[in-house]
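What follows is each chain in one-letter form.
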Protein chains: 2
Amino acid sequence: MKKISPTSVGVVHTQFMHFDEPLLLESGQVLSQYDLAVQTYGSLNADHSNAVLICHALNASHHVAGVSADHPDEMGWWDNMVGPGKPVDTRIFFVIGVNNLGSCFGSTGPASISPETGQPWGAAFPVVTVEDWVHAQARLADRLGIERFAAVMGGSLGGMQAISWATTCPDRVAHCVAVASTPKLSAQNIGFNEVARRAIITDPAFHGGDYYAHNTVPEHGLSVARMIGHITYLSDDDMAEKFGRTRRQSSASDAYQYGYGVEFEVESYLRYQGEKFSKYFDANTYLLITRALDYFDPARHTGGDLAVALSSASASFLLVSFATDWRFPPSRSREIVEALVKNETPVTYAEIDAPHGHDAFLLDDSRYHAVMKHYFENIAKSLNLEVSVHAYADQQFSAQGTSNLNMINEVIQSDGIKQEISDSLVRQDLLKIAEWIPPTTRVLDLGCGDGALLDYLTRHQNVRGVGVELSDERVQLCVAKNVQVVQQNLEKGLELFDDQRFDTAVLSQTLQSMHHTEHILREMVRVAKVGVVSFPNFGYWPHGWSLLNGRMPVTGQMPYAWYDTPNIHLCTLKDFEDLCRKLHLRIIDRVTYNPSNEVKWLAGWRSTLALYRFTLDH
Amino acid sequence: MKKISPTSVGVVHTQFMHFDEPLLLESGQVLSQYDLAVQTYGSLNADHSNAVLICHALNASHHVAGVSADHPDEMGWWDNMVGPGKPVDTRIFFVIGVNNLGSCFGSTGPASISPETGQPWGAAFPVVTVEDWVHAQARLADRLGIERFAAVMGGSLGGMQAISWATTCPDRVAHCVAVASTPKLSAQNIGFNEVARRAIITDPAFHGGDYYAHNTVPEHGLSVARMIGHITYLSDDDMAEKFGRTRRQSSASDAYQYGYGVEFEVESYLRYQGEKFSKYFDANTYLLITRALDYFDPARHTGGDLAVALSSASASFLLVSFATDWRFPPSRSREIVEALVKNETPVTYAEIDAPHGHDAFLLDDSRYHAVMKHYFENIAKSLNLEVSVHAYADQQFSAQGTSNLNMINEVIQSDGIKQEISDSLVRQDLLKIAEWIPPTTRVLDLGCGDGALLDYLTRHQNVRGVGVELSDERVQLCVAKNVQVVQQNLEKGLELFDDQRFDTAVLSQTLQSMHHTEHILREMVRVAKVGVVSFPNFGYWPHGWSLLNGRMPVTGQMPYAWYDTPNIHLCTLKDFEDLCRKLHLRIIDRVTYNPSNEVKWLAGWRSTLALYRFTLDH
């Protein structure tokens, strides 16, 4: 048995739940009865408000965390995410892992015995969809007495299920967490699935799907399918790092074998993975799950409009993608973010620059896990969930109780620190901006930093805000503050945001560091009624004076040397006002400071910082 | 038969050349005799100096251009590249297409009859390598009386052959042109090849490679292999554009079929491509060619040092890659460029931002074709090759003679224009820089523009120069001038260039538009003994005066508005000199201008442009 660490959920038993109410599938077929294999971690609280449903991807199962009693050598596939003190903290949340219908790990699937024939279902097992899975999972939730999940979450195909939950059962999902997911498969995705299916279906051992009766297994086809899949889960760089052109260990000399046997490590690895998979996975399940992937497309019935397709959702969303994921790249997650922002649905989006491709959603990455942890801490806070200290008292690592308590203290302490940060709204320009923003309006904060402004506006003026920020650290700080943030580079424009979705768009001390100055100003008044910018005044008289003395100015507001300053497009008050005229921006308000005192007289010379409020002149 | 355009080589006959001198293969096996299928286009000139060898990729053949007499419905696979008036102009060059050993299009391969057994070779056909192909092709060159090729060229695997030619037969190759190629396969590349091979080998119809005797064809495996290949040839975006999630035409309604038949257009396309391929391509050849790809690695015997592996080459190189090619991405071509620059081998490199993935090397792209055309025009010029007007007089489109003549006139005219540009070295700072550069030295020109400085230095001072430039248009102008240019963004640093490879590195009027100011200055003195920079002097007195009047300066040398200026890191003379001190750069020379007159008195105030020559102070 695997060694169990104090942050593991320990040994877990699988429960099989039988459902004999017929399930009407999307295809029109009916499944008259079925079983679902389930594991749970942590305890359901008294008002049943702390449940988290975890949906699995292609080849995973209900065995999410800890060591399964029936597979003592395997850790759960998301053990680094779920457990005491982990991002989804099982001292707080009651976590459910469920094996999907059609799978081969305990829930009813093609290899199960059909009650009608007494034989394995085989090719007769119906094609199921993501929506069918959600339907079946909803019945499981009913059975467990869970009316509304604190969160439904998953990576890849699991993320699709979470999204489907949020739209088809909006009242039952408080938070939807979709990692490394996509609103629909691309042609390339479908292409790879189709090749995998052809490999299986054209394997003579497949017998049209009824290989159980022939006592054969389409091992070759399934193995090829798995090898293709494996390549798409890893990034090119990651494969280069792991294998490169390293030769297989058994090659004693440097000489090639000049044949088609295993020559390179990567061949050996892929063959091994393919063969191993073909021994434990069911080929019909592979077909079924890849087809469910192909078919998922919530916007299919809304003329391709994803925002309309997601408009029923009332959950808050967390989306995470990984830069090197070429299976479901960040651009696919951004499509979902765009639709949610359009719907004014709360959404936080982190784009993690992890090197491991699609697989990154399963791996340790401190940035990714920090975002998840902060997000779930906020879920716990918003639902007033309490830490259940005795939840694991009966487990074998109960001796570790003290260290568990320490961890809980840490959580509480870090909450205290966060509160402090939120209150530290000291920058003069931010206070003035806050003054300019009417209560209960919608605000877009571009380059929102640690989220201080939005946090302040949310708590004091009941503003609904979205921040945009590029830095990993600052995105984490925003999530920790429960500030909605979208991770992206502002230079790429505000494509994610629809016209006039906001009352105010703020760009605080960022204009001067942007390449596309005109573009961002135009975008601000496209997405919001009113724009607010602040920037250092390059017309401040010591600047000109410094130049006449032969040096680029370095002052308090602009403390950088010319060669490493992030400030690349500098201007004076007159320059900015000229540009506003050119762009038909009508200036509503101007305030100038030096450094934190308001300057009213000779501001063009005497001020170091300028704040403008403007609107588009129609 | 395909309609033949006036720029096609017309109808071409395949010749089969028999070789009965035994060929010793890299594997140690010997091929006692073999045939090569060959097509030629254009005429070999009197001194046999105008021959171009075209090497093919995975599934192509000797049928490069025009309409093959034996396949009247097929155009050659590189017909847009080879023909009268095309980049490889058959009125100038004698072009040879040859089918590789082991292929299934006429040259001896696994499906050929083995002279020993009187049966098809099958599994007994030896594994051949890129080097074996080059060896066989060299014999063909001997047979045709070609001692030295004007160029050996190819795309993808064809590019590998060109590189192998340049290193293994250095005296026989004047120019090596490798498009969308790589110095060796990555783990991901090998992985895809291995999956394809497993699909073929595990197909029961394969019979260990001796399927000819069993009268079977491993169609399923070959089809899967081809489908995988096809996906890797296209970019994700290209597939999205071509297919998206478009449903198969025969689906009358919007409803899914809930099965594993063809549901999406992309499935239909891939299946069709796979099936078509499995009818005409030989499975053993597929194995053999993918293995030749895997095995290619010229640096294998030099401890991984590609520069050493390529050091025997005496050819000039043209490398081209495509931004969306994820099979052999630009980074792989850059490895080759880096090695060649290290060896001081002449190399020009274009990185084309084409959307079509790996397949782009076969497609029309005006930027790509312009680079190829200019490059081959320079080959013709350097070898004093003449246009053979009557070469096609006997062909069916001889009525088009006039338009052919027009095209030749165009070539001559455009030559005239190019000469003019080369002479237009009018910028004052460039003339001074030219003065500072000793004859016959090596110069790196960073941001070399249209190549005017390097062209001037080459023609007047016999300098050996390399330019770096980002813009497509300027790269084309450099190639047209026969200036060696490497297309890349300077912000990415000078990784391609080894320490102290150059005597002088020039950065002319570019420093002020760079983000990584310190980095580029450090890099300049790393790669060269002496650095030369020119930049606009922000200390010019009207600038400070303008600021004191409340406006960012806009002057002759800096004519841009603050919001759209490319000049992002501005400095005065003193500022630059301070930075030099910080970086331990000793200034050897300084010259200042306003605008084209030298300024000696109060230069910090009065000059608009500064030129510095510096070296690293050890």
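Residues numbered from 1 in each chain as written. Chains lettered and ligands numbered in written order. Predicted model: local features only at pLDDT ≥ 70, side-chain atom pairs only at ≥ 80, totals over all residues. Heavy atoms only, no water.

1. Side note on the overall build of chain A
And then number 1: In terms of regular secondary structure, chain A is built from 19 helices and 23 strands.
And then number 2: In terms of C-alpha radius of gyration, chain A reaches 28 Å, essentially the compact-globule figure of 25 Å for 618 residues.
And then number 3: Along the first, second and third principal axes, the C-alpha atoms of chain A reach 90 × 65 × 55 Å.
And then number 4: Here chain A holds 618 residues, and the buried ones make up 61% of them.
And then number 5: Of all intrachain contacts in chain A linking residues separated by at least 6 positions in sequence, the fraction that spans at least 24 positions is 71%.
And then number 6: One way to put it: in chain A the 50 positive side-chain charges average out to a point 5 Å from where the 71 negative ones average out. (Helix = DSSP H or I, 4+ residues; strand = E, 2+ residues; numbered from the N terminus. Rg over C-alpha atoms; globule rule 2.2 N^0.38 Å. Buried < 20%, exposed > 50% of the residue type's maximum accessible area, 1.4 Å probe, protein only. Contact = heavy atoms within 4.5 Å. Lys, Arg positive; Asp, Glu negative; His and termini not counted. Charge placed at Lys NZ, Arg CZ, Asp CG, Glu CD.)

2. Quick word on the environment of A:R522
All names here are of chain A.
And then number 1: One can find R522 in helix α16 (residues 517-527).
And then number 2: Using a relative accessible area of 47% as the deciding quantity, one classes R522 as partly exposed.
And then number 3: In this structure, the C-alpha to C-alpha distance between R522 and G118, residues 404 residues apart in sequence, is 68 Å.

3. Details of helix α7 (residues 283-295) of chain B
Residues and elements named next belong to chain B.
And then number 1: The end-to-end C-alpha distance of α7, which contains 13 residues, comes to 18 Å, matching closely the 18 Å that a straight helix rising 1.5 Å per residue would cover.
And then number 2: With 13 of 13 residues buried, α7 lies mostly within the body of the structure.
And then number 3: For α7, the N-terminal capping position is held by D282, with its side-chain oxygen 3.3 Å away from the main-chain nitrogen of N284. (Expected span 1.5 Å × (residues − 1). Polar contact = N/O pair within 3.5 Å; in protein donor to acceptor, adjacent residues only side chain to side chain.)

4. A few points about the packing of helix α15 (residues 517-527) of chain B against helix α17 (residues 573-582) of chain B
Residues and elements named next belong to chain B.
And then number 1: Following both chains from N to C, one finds α15 and α17 inclined at 60°, their axes separated by 11 Å at the closest point. Looking at the two axes, α15 sits oblique to α17. The element α15 and its partner α17 pack so that their crossing is right-handed. Contacts from T517, E518 and L521 of α15 reach α17 at F576, L579 and K582.
And then number 2: For the contact of α15 with α17, the residue count by class is 3 nonpolar, 1 polar and 2 charged. (Axes fitted to C-alpha atoms, helices over the stretch in contact; angles between N-to-C directions. Parallel < 35°, antiparallel > 145°, perpendicular 65-115°, else oblique. Left-handed = near helix turned anticlockwise from the far one by under 90°. Nonpolar A, V, L, I, M, F, W, Y, C, P; charged D, E, K, R; others polar.)

5. Here we look at the relation of the copies chain B and chain A
And then number 1: In screw terms, the move from chain B to chain A is a rotation of 180° and a rise of 0.0 Å along the axis, fitting with an RMSD of 0.0 Å. The relationship between the two copies is best expressed as a two-fold rotation axis.
And then number 2: Both copies contact each other with a shared surface, as 100% of the interface residues of chain B are interface residues in chain A too. (Least-squares fit on C-alpha atoms with pLDDT ≥ 70 in both.)

6. Some remarks on the interface of chain B and chain A
And then number 1: At the interface, 90 residues of chain B touch 90 residues of chain A.
And then number 2: Interface area for chain B against chain A, summed over the two sides, is near 8100 Å², with a carbon-plus-sulfur share of 62%.
And then number 3: Summed over the three residues of chain B that lose the most area to chain A, namely B:Y258, B:Y260 and B:W562, the buried surface amounts to 11% of that side.
And then number 4: Scanning the region where chain B abuts chain A turns up 10 salt bridges.
And then number 5: Of the charged contacts in the structure, one is a salt bridge between B:D578 and A:R551, with a shortest N-O distance of 2.1 Å.
And then number 6: The interface formed by chain B and chain A includes 43 residue pairs in polar contact (both at pLDDT 80 or more). (Buried area = accessible area lost by both parts, 1.4 Å probe. Salt bridge = Lys/Arg side-chain N within 4 Å of Asp/Glu carboxyl O.)

7. Structural notes on the sheet that holds strand β1 (residues 11-12) of chain A
In sheet architecture, strand pairing relies on hydrogen bonds along the backbone and comes in two forms, parallel and antiparallel.
Residues and elements named next belong to chain A.
And then number 1: If you trace the 3 strands from one edge of the open sheet to the other, you get β1-β7-β8, paired in mixed fashion. With partners counted over all chains shown, the strands left at the sheet margins are β1 and β8 (71-75), one partner each.
And then number 2: Summarising the sheet, strand β7 (residues 67-68) and β8 pair through 2 bridges and their orientation is antiparallel. The residue bridging V67 from the neighbouring strand is M75, located in β8. (Pairing = 2+ DSSP bridges.)

8. Remarks on the packing of aromatic side chains
Residue and element names in this part refer to chain A.
And then number 1: Tallied over the full model, the rule gives 60 aromatic pairs over all chains.
And then number 2: Relative to Y280, the ring of F105 has its centre 6.1 Å away and its plane inclined at 35°; by these criteria the two rings are tilted. In this pair, F105 is assigned in the loop between β11 (94-98) and α1 (130-144) and Y280 in helix α7 (residues 265-280), connecting sequence segments 175 residues apart.
And then number 3: On the basis of relative accessibility, which here comes to 24%, the residue F105 falls in the partly exposed class.
And then number 4: For Y280, a relative accessible area of 36% gives the class partly exposed.
And then number 5: Between F277 and Y286 the ring centres are 5.7 Å apart and the planes differ by 80°, which places this aromatic pair in the edge-to-face class. We note that F277, like Y286, is buried. (Phe/Tyr/Trp six-rings, centres within 6.5 Å; stacked < 30°, edge-to-face > 60°.)

9. Let's talk about the environment of A:V67
And then number 1: The residue A:V67 is located in strand β7 in this model.
And then number 2: Along the sequence, A:V67 and A:V11 sit 56 residues apart, while their C-alpha atoms lie 4.7 Å from each other.

10. Here we look at the side chain of A:D79
And then number 1: Here A:D79 lies in the loop between β8 and β9 (82-83).
And then number 2: Setting aside its immediate chain neighbours within four residues, A:D79 contacts A:S8, A:V64, A:A65, A:G66 and A:K86.

11. Examining the environment of B:L306
Residue and element names in this part refer to chain B.
And then number 1: Note that L306 resides in helix α8 (residues 306-310).
And then number 2: Between the alpha carbons of L306 and L340 there is a distance of 8.7 Å; along the sequence they are 34 residues apart.
And then number 3: L306 has contacts with P183, P298, A299, E335, I336 and A339, leaving out every residue within four places of it along the chain.

12. Focus on a nonpolar patch on the surface
And then number 1: On the surface, A:W541, A:W545, A:W601, A:L602 and A:W605 cluster together to form a nonpolar patch covering roughly 650 Å² of accessible area.
And then number 2: Owing to a relative accessible area of 43%, A:W605 belongs among the partly exposed residues under this scheme. (Patch = residues over 30% accessible without salt bridge, like charges linked within 9 Å, V, L, I, M, F, W, Y side chains within 5 Å. Areas by Shrake-Rupley, 256 points an atom, 1.4 Å probe, with all protein chains shown as cover.)

13. A look at the pattern of salt bridges
And then number 1: In the structure shown here, the tally under the stated rule is 76 salt bridges over all chains.
And then number 2: Its salt-bridge partner being A:D238, residue A:K242 comes within 3.2 Å of it at the nearest N-O pair. With A:K242 and A:D238 both in helix α6 (residues 236-242) and 4 residues apart, this pair spans about one turn of that helix.
And then number 3: Across the pair A:R271 and B:E194 runs a salt bridge whose closest N-O atoms are separated by 2.6 Å. Of this pair, A:R271 sits in helix α7 while B:E194 sits in helix α3 (residues 187-201), placing the two residues on different chains. A single burial state applies to A:R271 and to B:E194, both of which are buried.
And then number 4: Residues joined by salt bridges that share partners form a network here, namely A:E194, A:R197, A:R291, A:D294, B:E267 and B:R271.

14. Things to note about the confidence of the model for chain A
And then number 1: When the pLDDT values of chain A are averaged, the result is 92; 92% of them are 70 or greater.
And then number 2: What the predictor reports for the complex is a pTM of 0.93 with an ipTM of 0.92. (pLDDT = per-residue confidence, 0-100.)

15. Here we look at the pairing of strand β17 (residues 464-469) of chain A
Residues and elements named next belong to chain A.
And then number 1: Counting buried residues in β17 gives 5 out of 6 residues, a clear majority hidden from the surface.
And then number 2: Pairing of strand β16 (residues 442-446) with β17, which is carried by 5 bridges, proceeds in the parallel orientation. Residue pairing across strands places L446 opposite V468, the latter belonging to β17.
And then number 3: Traced from β16 through helix α14 (residues 452-461) to β17, the parallel crossover comes out right-handed.
And then number 4: Relative to strand β18 (residues 485-487), β17 is paired through 3 bridges, and the arrangement is parallel. By the bridge assignment for β18, V468 is matched with V486.
And then number 5: With helix α15 (residues 472-480) bridging β17 and the parallel β18, this β-α-β connection has right-handed handedness. (Right-handed = clockwise from strand over helix to strand, strands pointing away.)

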